[in-house]
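Chain by chain, the residues run as shown.
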Amino acid sequence: MNAHTPKRILIGKVGLDGHDRGAKFLIRALRDAGYEVIYTGIRRTPEQIVRTAIDEDVDVIGLSLLSGAHNELAARVAELLKEEGVEDVVLLAGGTIPEKDVPHLEALGFRHVFTPGAPVSEILSALEQELSSRE
Amino acid sequence: MEARSKMAESLQKRFEQWKARTLEPAIAKVPECADRTATVSGVPTERLYLPEGHGNEAAEAYLAAQGFPGEYPFTRGVQPTMYRSRFWTMRQYAGFGDAEETNERYRFLLDHGQTGLSVAFDLPTQIGYDSDHALATGEVGKVGVAIDTLADMEILFDSIPLEKVSTSMTINSPASVLLAMYIAVGEKQGVEAGRLTGTIQNDMLKEYIARGTYIFPPGPSLRLTTNIFAYAAEHLPRFNTISVSGYHIREAGSTAAQEVGFTLADGIAYIDAALSAGLDVDQFAPRMSFFFGAMTDLLEEVAKFRAARRLWARIVKERFGAKDPRSWMLRFHTQTCGATLTARQVDNNVVRVAIQALAAVLGGTQSLHTNSRDEALGLPTEQAVQLALRTQQLIAHESGVAHTVDPLAGSYCIEKLTDQVEAEAAAYIEKIEEMGGMVRAIERHYPQNEIERSSYRYQQQIEREERIIVGVNRYAAEVDTQPEILTVSAAATRRQIDRLSQVRRRRDESAVSRTLTTLEAAARGDTNLMPLIVDAVRAYASVGEICDALRRVFGEYEEHTM
Amino acid sequence: MNELVDKLRQGNRRALARAMSSVGETGHAESSLEVCLRESTGQVPWWGFTGPPGVGKSTLLDALLVDLREHGRRVGVVAVDPTSARSGGALLGDRVRMMRHAVDDDVFIRSLATHRNHGGLSDATLHCARLLELAGYDPVLIETVGAGQNEVEIRSVADLCIVVLGPGYGDDIQLVKAGLLEIADVVVVNKCDLPEAQRLVGEVREELAATAREIEVVAIEAKSGAGVPELLQRLFELDRVRRTETAEASRGRRRVLGEIRRRAEFSCRGALGRVLSGPEVEQWIAKLNRGECSLETVISRLVALALAELQQEADDE
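Computed from a prediction, not measured in an experiment: that's the story for all the values here.

S.K.: It is not clear to me how the overall build of chain A should be interpreted in this structure. Could you clarify?
M.R.: Summing up its helical and strand segments, chain A has five helices and five strands in all. Counted from the first residue to the last, chain A has its helices and strands arranged as β-α-β-α-β-α-β-α-β-α. Projected onto the principal axes, the alpha-carbon positions of chain A cover approximately 40 × 35 × 25 Å. Relative to its full complement of 135 residues, chain A shows a buried share of 63%. Within chain A, contacts between residues separated by at least 24 positions form 70% of all contacts whose residues are at least 6 apart in sequence. Surface accessibility of chain A: about 5,000 Å² in total, with carbon and sulfur atoms responsible for 49%. Looking at chain A, you have 15 positive and 22 negative side-chain charges, and the mean spots of the two groups are 6 Å apart.

Take a look at the structure:
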């Protein structure tokens, strides 16, 4: 794949929470920053998210977690990715995630965890950093 | 109150009329409180400030646009004495974990001066899944209390006398089921349904527009909604069966005018639905209540609430021809907007909430929930909840704004903003009417798209620092202290699932399947489903089982927009 | 190469997804994979779906997937969305409406951006569609950007062209319909629960009658699935007719020709565009204004310049 080909990002809303204002803003910001963005819509299962990530051969998975079930759901996503042998996808998470749960998510393989109010510029530069360090 | 020599003659005359026909009866019923009649310095506060030194023409304009509190068009408030007689209901939304923990929190709040209960349910309950459902993994008890069967509801209201306490339940798709459970709990306490007071949110249209906890498609949802209306008209005369919500629309990023416009358009759709179900507008509009958010731009918010009252009064009176003045009154609950709370420098949130609460009070809200400072990060701790409640109490007792009705009226700014918000909201309503009403507009994604555009614009402004959020894009600290966050114990989830199994073991299975079969069959026809849901609930059928029976008939709604 | 083909035939999704990502920028030398793929085409029908944005194409595909699965078919979908000219990024928003098929092993959905091709298809579209065929998906559904004149590209690639229309687009619908109806094998009008849609069905039938082509107009309501089984039957029928009329080989040949035409036109447009914004144009216009030559001369000279440039490129290889 050519270096000029845009990177592909999956933004997944896993869990029963229905608030997608942040996700909808983020996907547009990512598009404007030159990424190809696939959005799953709300109320998706970890299985749906992982399968989509594989079929679309994405470079990044961003999970949006707003219902408080982040520990369980993020763990399930990480588990499924491992089962499928997916190792080179950048994992990011964002949502109502308290500081004390961040180490757990990082241990699962999530490179960055963003809390509400994190400016998009922060997310974009973290993303850039992760992707360039993999090239 | 003495007559004012400088008031225009026509205004003076109408003022006397208002006093005689609206004010005096109200005071006779609920007298004003002695401690709300003066400023802290001892200057007497007038009940109602009116324009002075203007001619009759100006007076006529005032009367048409604002009038008197407690009288059409209710711009200045739905009661003549507002908070001089009784403060707004201080109603803090609570619920987490299982029914026992929540029951404890309720008793704490009631003991500490809260005057009504507000129930938050967890997502599985809101979406009609039992706690042991696959999709409930990790979600049980997280954003609210988990209720699977009547047994949970009984624990939730243990030692809480339903004939004394008013309960507001934030429940929509399975509102019929939870309402049925509330009725059944009342029965067990010996309180007959007619004496129960409270509200169910029961506003499905905003779920499709902004909140996302829908189960069934719009048609069947509206059928259930009107079933509840009809049932309550007969059996629950003191219960508010709908809280038409603008809060979530605002939280999703709408403007103030959109919040009012889309919410009132939803209200119109509900009245239309009720009418087509054979109800009379005066039979059910008086029981409609509304729910708005309070943002931090205080001036616009006060104007927004006044505009909403005036616009709704006009709609219900002129468009629907309602005769009962109580049909014309827009009564509302307010919650300070959670979307404004930041995860960084959480103490700033205390100040935000105080400003927002003040806006709601100056705007004439009937009840108010103030958010806790740590709400951006998870469920609030007891200390944070207490401070949020104190915020309301401070405004009530120490700020003096409760000592007069609609204090900001007459401000050039407020009156202009009120007119502007009303005009813009009315334009939205007309646009939606042209599309054939709100259900059609939702199918075409009109309100969703409008909200998304506003939301995007707002976010862009923040990203570009054209709009400052203190502590986030300016005045951010290098090191941020993290508050203590409440977590839900895994043990609570385990307990919930165990209790559900226990209930299933103990109940009469044949009664359950009988009631569910009857319900499913009736759902295919068009009879009122409420009595059948009450039957199922009494037999300890679960929320998931009842909703699954309905899913088999109605199908599930799939969101089709990005 | 054979290893990859084996993996695809065995249903290895990761291999399929990876192979789809391997299409490079359009080069002149072809990879052995491309050659291998080209040889295998023509056997499986490709159905192209196009139409204005917001009309419900993805929702229709979602409903078709349900019905196709009921018929026991394994279905591949390529969904194309436009690349933003400003940022180079894209919102690939078709899949979100098909998520209920996300964990079905017999459905494969791939979202693509048009990239530098400002038309309705991505260069990768053919590549991905061929891979889906090779991996045993039959039929392959291709959803394209509904953006004006460029939808006609799908005609050169798909065996059946399904044009999807819907009510509520004001006067622009006239312009859109004019181009679209020419390429349609079937016209679908969505949201037929609305009265405006019924009117649209009538309008379209009138226009088609005037052209004396036997194109059916099918009314559906994609969200509820109403009319979709009937549409599918119609598509199967059309497919059968096509099979008897044209041999597989010629279908494959038609696709290759279509791809050649598409890319060749793109190259020509590019070269001409460069010439027209170059210095020669001013000189020729000045000559024209002085009366030294005719307009026809100017045009033929500029075209010749563009072709010369393309000749140069070809020689350089």
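S.K.: What is the right way to look at the overall build of chain B in this model?
M.R.: Per the secondary structure count, chain B includes 22 helices and 10 strands. The C-alpha atoms of chain B give 24 Å as radius of gyration, which agrees with the globular expectation for 562 residues (24 Å, within 12%). C-alpha atoms of chain B, sized along the principal axes, occupy 75 × 60 × 45 Å. Long-range pairs, those at least 24 residues apart, make up 78% of the contacts in chain B between residues at least 6 apart in sequence. In the structure as shown, chain B presents an accessible area of about 21,200 Å², 51% of it carried by carbon and sulfur atoms. Of the side chains in chain B, 60 bear a positive and 74 a negative charge, and the two mean positions are spaced by 3 Å.

S.K.: What exactly am I supposed to notice about empty space enclosed by the protein here?
M.R.: One simple way to see leftover space: roll a probe sized like a water molecule over the atoms. Within the structure shown, the criterion is met by six cavities of 30 Å³ or more. Looking at the lining of the second largest cavity residue by residue, the classes come out as seven nonpolar, four polar and three charged.

S.K.: Where do I start with helix α3 (residues 70–83) of chain A in this structure?
M.R.: What sets the pattern is the α-helix's 3.6 residues per turn: residues three or four places apart point alike. All names here are of chain A. For α3, with 14 residues, the first-to-last C-alpha span of 20 Å sits near the 20 Å given by 1.5 Å per residue. When α3 is considered as a whole, its buried residues turn out to be His70, Leu73, Ala74, Val77, Ala78, Leu80 and Leu81. The buried residues of α3 occupy an angular sector of 160° when the element is viewed end-on, so they sit on one face. Seen from the open side of α3, the exposed residues pointing more than 90 degrees away from its buried face are Lys82 and Glu83. Buried residues belonging to α3 abut α2 (46–55), β3 (60–65), β4 (90–95), α4 (102–108) and β5 (110–114). Among the residues trailing α3, Gly85 stands out with phi positive, at a value near 75°.

S.K.: When you look at the sheet that holds strand β1 (residues 46–50) of chain C in this model, what are you seeing that I'm missing?
M.R.: The strands that make up a sheet are held in pairs by hydrogen bonds between backbone atoms, and each pair lies either parallel or antiparallel. Residues and elements named next belong to chain C. Spatially, the seven strands line up as an open sheet ordered β4-β2-β5-β1-β6-β7-β8, and their pairing is parallel. Strands with a single pairing partner mark the edges of an open sheet, and in this sheet they are β4 (107–113) and β8 (216–219). Each strand axis lies, on average, 20° off the axis of its neighbour in the sheet, ignoring direction. Where strand β6 (residues 160–165) lies against strand β7 (residues 186–189), four bridges are found, and the strand directions are parallel. The residue of β7 that forms the bridge with Leu165 is Val189.

S.K.: What am I meant to see in unusual backbone geometry here?
M.R.: Peptide bonds are mostly trans, and most non-glycine residues show a negative phi. All names here are of chain B. With an omega of 0°, the peptide bond between Tyr72 and Pro73 qualifies as cis. Notably, Met82 is not glycine yet its phi reads approximately 40°, a positive angle. The topology assignment puts Met82 in the loop between α2 (56–65) and β1 (89–90). In this model, Ser159 sits at a positive phi of 65°, which is unusual for a non-glycine residue. Note on placement: Ser159 falls in the loop between α5 (150–156) and β4 (167–170).

S.K.: How should I be thinking about the nonpolar core in this particular structure?
M.R.: Residue and element names in this part refer to chain B. Trp312 and Met438 are the most contacted members of the largest nonpolar core, which totals 115 residues. If we ignore the near neighbours within four places in the chain, the residues touching Met438 are Leu205, Ile209, Phe262, Ala265, Asp266, Ala269, Ile432 and Pro447. Of all hydrophobic cores here, the second largest spans 65 residues; its members include Tyr106, Ile215, Leu529 and Val534.

S.K.: Teacher, can you tell me more about the packing of aromatic side chains here?
M.R.: For any pair of aromatic rings, the description consists of the separation of the ring centres together with the inter-plane angle of the planes. Residues and elements named next belong to chain B. A complete count under the given rule lists 25 aromatic pairs over all chains for this structure. Note on Phe157 and Tyr182: the rings are 5.3 Å apart at their centroids and 80° apart in plane angle, and the pair reads as edge-to-face. Note that Phe157 is positioned in the loop between α5 and β4 and Tyr182 in helix α6 (residues 175–189), a separation of 25 residues in sequence. Judged by centre distance (5.3 Å) and plane angle (65°), the rings of Phe262 and Tyr428 are edge-to-face. Taken as a pair, Phe262 in helix α10 (residues 256–276) and Tyr428 in helix α16 (residues 412–434) lie far apart in primary sequence, 166 residues in all. Across this residue pair, the class does not change: Phe262 and Tyr428 are buried. Clustering of aromatic rings is evident, with ring pairs tying together Phe290, Phe292, Phe305, Trp312 and Phe332. The ring of Phe87 is capped by Arg36, whose NZ or CZ atom sits 3.3 Å from the centre of that ring. For the cation-ring pair, Lys317 lies above Trp328, with the distance from its terminal atom to the ring centre recorded as 5.3 Å.

S.K.: Is there a simple way to explain the pairing of β6(C) in this structure?
M.R.: Looking down a regular strand, the side chains alternate between one sheet face and the other. Residues and elements named next belong to chain C. Most of β6 is tucked away, with six of its six residues classed as buried. Both faces of β6 are covered, namely the face carrying Leu160, Ile162 and Val164 and the face carrying Cys161, Val163 and Leu165. Inspection of the sheet shows β1 paired to β6 by four bridges, in the parallel sense. Paired with Trp47 across the bridge in β6 is Leu160.

S.K.: Sorry, what's going on with the sheet that holds β1(B) here?
M.R.: Residue and element names in this part refer to chain B. What the five strands build is an open sheet, ordered β1-β10-β9-β8-β7; its pairing is parallel. One side of each edge strand has no neighbouring strand; the edge strands of this open sheet are β1 and β7 (242–245). Across two bridges, the pairing between β1 and strand β10 (residues 367–369) is parallel. Opposite Met90, over in β10, you have Leu368 as the bridge partner. Together, β7 and β8 (288–294) form the strand contacts of α10, whose direction differs from that of β8 by roughly 165°.

S.K.: Can you help me understand the interface of chain A and chain C in this one?
M.R.: Interface size is commonly expressed as the accessible area that is lost once the parts come together. Residue-level contacts link 30 residues of chain A with 28 residues of chain C. Interface area, chain A with chain C, both sides summed: about 2,500 Å², of which 50% is carbon and sulfur. When the area that chain A buries against chain C is broken down by residue, the three leading residues are Arg51(A), Asp55(A) and Asp57(A), summing to 24%. Our count for the chain A to chain C interface comes out at six salt bridges. Measuring nitrogen to oxygen at the nearest pair gives 2.7 Å for the salt bridge that ties Arg13(C) to Asp55(A). In this assembly, chain A and chain C are joined by 16 residue pairs in polar contact (both at pLDDT 80 or more). Looking at the side of chain A that touches chain C, the elements with two or more residues in it are α1 (21–32), β2 (36–39) and α2 of chain A. Looking at which element gives the most residues to the side of chain A that touches chain C, the answer is α2(A), with six residues. For the side of chain A that touches chain C, the residue count by class is nine nonpolar, eight polar and 13 charged. Of the pairings in the sheet, the one linking β2(A) to strand β3 (residues 90–92) of chain C comprises three bridges and is parallel in character. By the bridge assignment for β3(C), Ile38(A) is matched with Leu92(C).

How each quantity is defined
- Residues numbered from 1 in each chain as written.
- Chains lettered and ligands numbered in written order.
- Predicted model: local features only at pLDDT ≥ 70, side-chain atom pairs only at ≥ 80, totals over all residues.
- Heavy atoms only, no water.
- Helix = DSSP H or I, 4+ residues; strand = E, 2+ residues; numbered from the N terminus.
- Buried < 20%, exposed > 50% of the residue type's maximum accessible area, 1.4 Å probe, protein only.
- Contact = heavy atoms within 4.5 Å.
- Areas by Shrake-Rupley, 256 points an atom, 1.4 Å probe, with all protein chains shown as cover.
- Lys, Arg positive; Asp, Glu negative; His and termini not counted.
- Charge placed at Lys NZ, Arg CZ, Asp CG, Glu CD.
- Rg over C-alpha atoms; globule rule 2.2 N^0.38 Å.
- 1 Å grid on protein atoms, 1.4 Å probe; cavity = no way out; pocket = protein on both sides within 12 Å on 5 of 7 lines; lining within 4 Å.
- Points joined across faces, edges and corners; volume = space filled by probe spheres on them.
- Nonpolar A, V, L, I, M, F, W, Y, C, P; charged D, E, K, R; others polar.
- Expected span 1.5 Å × (residues − 1).
- Arc of directions from axis to C-beta.
- Pairing = 2+ DSSP bridges.
- Axes fitted to C-alpha atoms, helices over the stretch in contact; angles between N-to-C directions.
- Core = buried A, V, L, I, M, F, W, Y, C linked by side-chain atoms within 4.5 Å.
- Phe/Tyr/Trp six-rings, centres within 6.5 Å; stacked < 30°, edge-to-face > 60°.
- Lys NZ or Arg CZ within 6 Å of the ring centre and 35° of its normal.
- Buried area = accessible area lost by both parts, 1.4 Å probe.
- Salt bridge = Lys/Arg side-chain N within 4 Å of Asp/Glu carboxyl O.
- Polar contact = N/O pair within 3.5 Å; in protein donor to acceptor, adjacent residues only side chain to side chain.

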